[in-house]
Amino acid sequence: MIDSTHAVMDGAHLPVVVVGGGQAGLSVSWWLGRRAIEHVVLERDRVAGEWRNRRWDSFCLVTPNWQCDLPGFPYAGPDPDGFMVRDEIVAYLERYAASFDVPLAEGVAATRLRARREGGFELHTTAGRLSADQVVVAAGPYQVPMRPRMAERLPAGVVQVHSSEYRSPDALPPGAVLVVGTGQSGCQIAEDLHLAGRRVHLATGSAPRVARFYRGRDVVAWLHDMGYYRKAVTEFADADAVRFRVNHYVTGRDGGRDIDLRKFARDGMRLYGHLAGIDGPRLRFTPDLCANLDAADAVSEGIKDSVDAYIAANGIDAPAEARYVPVWEPAEEPDALDLEAAGITSVVWATGFGRDHRWIELPVFDGRGYPTHDRGVTSYPGLYFLGLPWQHTWGSGRFSGIGADAEHLARQIVAHQHRTVHTGLHWLAGTPYQTSPHDDEDWIAPRTVA
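Below is a summary of the structure that appears in this document.

1. Some points on unusual backbone geometry
Both trends apply: most residues other than glycine have a negative phi, and most peptide bonds are in trans.
Item 1. Residue Asp 254 is not a glycine yet carries a positive backbone phi of 55°.
Item 2. Mapped onto the secondary structure, Asp 254 falls in the loop between α6 (239-243) and α7 (261-266).
Item 3. We classify Asp 254 as exposed; its relative accessible area is 64%.
Item 4. Positive phi, normally seen in glycine, also occurs at Trp 390, with a value near 55°.
Item 5. If you trace the backbone, Trp 390 turns up in the loop between β23 (383-385) and α10 (402-422).

2. Notes on the pattern of salt bridges
Item 1. Applying the stated rule across the entire model yields 32 salt bridges.
Item 2. Connected through shared salt-bridge partners, Arg 209, Asp 258, Arg 262, Asp 294, Asp 297 and Glu 329 make up one network.

3. Let's talk about the pairing of strand β2 (residues 39-43)
Item 1. Here β2 lies mainly inside the structure; 5 of its 5 residues are buried.
Item 2. Residues His 39, Val 41 and Glu 43 of β2 are buried on one face, and the alternating residues Val 40 and Leu 42, pointing to the opposite face, are buried as well.
Item 3. Examined bridge by bridge, strand β1 (residues 12-19) and β2 share 4 bridges and lie parallel to one another. Along β2, the bridge assignment pairs Val 19 with Leu 42.
Item 4. Considered for its hand, the β-α-β crossover made up of β1, helix α1 (residues 23-34) and β2 is right-handed.
Item 5. In terms of strand pairing, β2 meets strand β5 (residues 104-106) through 3 bridges, oriented parallel. Looking at the pairing, Leu 42 lines up with Ala 105 of β5.

4. Here's the deal with the packing of α1 against helix α3 (residues 86-98)
Two quantities define a packed helix pair, namely the angle between the axes and the distance from one axis to the other.
Item 1. Taken N-terminus to C-terminus, the directions of α1 and α3 make an angle of 25°; their axes are 11 Å apart at the nearest point. Between α1 and α3, the angle is such that the two are roughly parallel. The element α1 and its partner α3 pack so that their crossing is left-handed. Across the interface between the two elements, Gln 23, Leu 26, Ser 27 and Trp 30 from α1 touch Leu 93, Tyr 96 and Ala 97 from α3.
Item 2. Residue classes in the contact of α1 with α3 are distributed as 5 nonpolar, 2 polar and no charged.

Criteria and cut-off values
- Residues numbered from 1 in each chain as written.
- Predicted model: local features only at pLDDT ≥ 70, side-chain atom pairs only at ≥ 80, totals over all residues.
- Heavy atoms only, no water.
- Helix = DSSP H or I, 4+ residues; strand = E, 2+ residues; numbered from the N terminus.
- Buried < 20%, exposed > 50% of the residue type's maximum accessible area, 1.4 Å probe, protein only.
- Salt bridge = Lys/Arg side-chain N within 4 Å of Asp/Glu carboxyl O.
- Pairing = 2+ DSSP bridges.
- Right-handed = clockwise from strand over helix to strand, strands pointing away.
- Axes fitted to C-alpha atoms, helices over the stretch in contact; angles between N-to-C directions.
- Parallel < 35°, antiparallel > 145°, perpendicular 65-115°, else oblique.
- Left-handed = near helix turned anticlockwise from the far one by under 90°.
- Contact = heavy atoms within 4.5 Å.
- Nonpolar A, V, L, I, M, F, W, Y, C, P; charged D, E, K, R; others polar.

Geometry only, nothing functional implied.
Written as structure tokens, this is what we have:
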């Protein structure tokens, strides 16, 4: 067994290596431990490093605490209907890691994964090389902060940060702030700045929204009872389209509430459509602000329609509630903004993340760089992914559903182990290691990020 405490692993061989020590990696480790399968979990930082290092100071969950249900470690705190803030999330994951005998190697990053001639895998890490019969990639979907190339055309004096780098309003220079993107991060950061009294300009996108509460309950509770979080991606007509959907924006801040961009605008925030171009200090916008606001509202009201139908079909006694009435309408479609005239000194790019699987030298990716899989099981025997959004259900990438996916992979790992031991692996043509160069240490994988 590897001495995971001190990461002494150069030359070691493990039945299973798990790459990533967040909620996904810890969850599959719990299930592997229950099956007495020897393994190690490699974490490049510390447990909960992504939550600790890539979330702003006021960050909180958008799903209630009762949905935090990691294997063997359901939420047991005093506020199940509340929303853990960043430091509480970090503490929750640290307690989880301490609750069972996880073979964790912190401060160890995987830098290369490829097939071995004799079967299984070879991993290069910052602590040396090791080999494994099977590998679970639990490194998460949010790996490379993405900024559009047009960001390079902003004036040199404007401070630019990605949402993963934003910490607080006070960390930005005095002056107005432009936030680009209205996914969950963009909307919540815009609200954080707005509540701090900063002048905020917000370039909207096509993300949908959802109400926080409706007819006496958190909407998440209604959707949970209605089975939405358990619905498999394969039940949709276009699974690929579902997997790449943007999440609905809402917040758990101060006990939870809607994020209503119209209300922000009524109270002084300036809204625009999609950012279309940058010419020095002058920005251009697509005239789609009205369409973006209307579409987000329509999704929220459609979810309420589903809740109403569920209540009626099941004879549930729930209080009636008036429907949403827009509190603000754009007087025009703003198509330009002068940074200097508006006093904008900083820009927050809430433009998402890309995947970086360049270290994985195995043929399991589609043309967009997305790992092809069936509920985390790839076409390459012994290689798995865990923690992807919509990996199997809506809950897959969340605290509520990661455990079920981890248990499924643990069963697949046991089955693969049995097949390998008792029957061996048979290849129709060639051998696994022929998909990459043999042993030339100078070879470098093509540097592309999807």
